[in-house]
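# Descriptive structure summary
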Amino acid sequence: MERVSGLFSWTLNRVLWLSGLSERGAARQPRIMEEKALEVYDLIRTIRDPEKPNTLEELEVVTESCVEVQEINEDDYLVVIRFTPTVPHCSLATLIGLCLRVKLQRCLPFKHKLEIYISEGTHSTEEDINKQINDKERVAAAMENPNLREIVEQCVLEPD
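Predicted model, so just to flag it, every value in this text is computed and none were measured.

### Describing the pattern of salt bridges
Tallying each qualifying case throughout the model produces eight salt bridges. The closest approach of N and O atoms between Glu153 and Arg106, which form a salt bridge, is 2.4 Å. Placement of the pair is Glu153 in helix H6 (residues 146-156) and Arg106 in helix H3 (residues 93-107), with a sequence separation of 47 residues. Residue class for Glu153 comes out partly exposed when judged on its relative accessible area of 27%. Its relative accessible area of 48% is what places Arg106 among the partly exposed residues. Members of the salt-bridge network, linked through shared partners, are Asp42, Arg45 and Glu57.

### Comments concerning the sheet that holds strand E3 (residues 112-118)
Backbone-to-backbone hydrogen bonds pair the strands of a sheet. The strands run either parallel or antiparallel. Read across the open sheet, the three strands follow the order E1-E2-E3; overall the sheet is mixed. Each end of this open sheet is capped by a strand with a single partner; those strands are strand E1 (67-71) and E3. Taken pair by pair, the neighbouring strands of this sheet meet at an average axis angle of 15°, ignoring direction. Strand direction decides the pairing type here: E1 and strand E2 (residues 77-83), joined by five bridges, are antiparallel. Across the sheet, Gln70 pairs through a bridge with Leu78, a residue of E2. Its contacts with the sheet place H3 against E2 and E3, and it is angled at close to 165° to E3. Seen against the sheet, helix H4 (residues 126-133) touches E2 and E3 and runs at an angle of roughly 160° to E3.

### Details of the pairing of E2
Among the seven residues that make up E2, six are buried, leaving the element largely enclosed by the rest of the structure. Counted between consecutive antiparallel strands, the loop separating E1 from E2 contains five residues. Bridge count for E2 against E3 is seven bridges, and the pairing is parallel. Looking across to E3, one finds that Arg82 is bridged to Tyr117. One crossover worth recording links E2 to the parallel E3 by way of H3, and it is right-handed.

### Focus on helix H5 (residues 136-144)
An α-helix turns once per 3.6 residues; consequently, residues spaced three or four apart project the same way. All of the buried residues along H5 are Val139, Ala142 and Met143. Across the axial projection of H5, the buried residues extend over an arc of 95°, all falling on one side. Exposed side chains of H5 directed beyond 90 degrees from the buried face belong to Glu137 and Glu144. A distance of 2.9 Å separates the backbone nitrogen of Glu137 from a side-chain oxygen at the start of H5, and that oxygen is part of Asp135.

Cut-off values and rules
- Residues numbered from 1 in each chain as written.
- Predicted model: local features only at pLDDT ≥ 70, side-chain atom pairs only at ≥ 80, totals over all residues.
- Heavy atoms only, no water.
- Salt bridge = Lys/Arg side-chain N within 4 Å of Asp/Glu carboxyl O.
- Helix = DSSP H or I, 4+ residues; strand = E, 2+ residues; numbered from the N terminus.
- Buried < 20%, exposed > 50% of the residue type's maximum accessible area, 1.4 Å probe, protein only.
- Pairing = 2+ DSSP bridges.
- Axes fitted to C-alpha atoms, helices over the stretch in contact; angles between N-to-C directions.
- Contact = heavy atoms within 4.5 Å.
- Right-handed = clockwise from strand over helix to strand, strands pointing away.
- Arc of directions from axis to C-beta.
- Polar contact = N/O pair within 3.5 Å; in protein donor to acceptor, adjacent residues only side chain to side chain.

None of this, on its own, says anything about what the molecule does.
What follows is the structure in structure tokens.
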């Protein structure tokens, strides 16, 4: 009887651990989200600014702390980016958001839902821009414009 009880206890602990419900599994969850956030950051940090010869990382438009990843379910993740334009009246903030979206849609190796926002209080028209860069129809329309598409392609091109 003691042997059966021990086997049952071991099996139950293993199931809880594998499902993420035990303390060890729960501790594993934040580490996985941090790894995914770093994976996202590595993709966006090399995006070039549309006006300057610098990357978004060099201009501190994006930082590691601006990326958040949450698990929606076993195979889906919510990726939230909060970027900071260089000035509160940056005329290219929408274009930067578009570059972030295009790069991540093309390159993220896991299934995801993407939300991109301007960091609160860092732009004079952040609400309007947040709506634009999270509206699929507006994004699709913008990418149909050959001039915009060319600018985006230059910004998201990987450096040699």
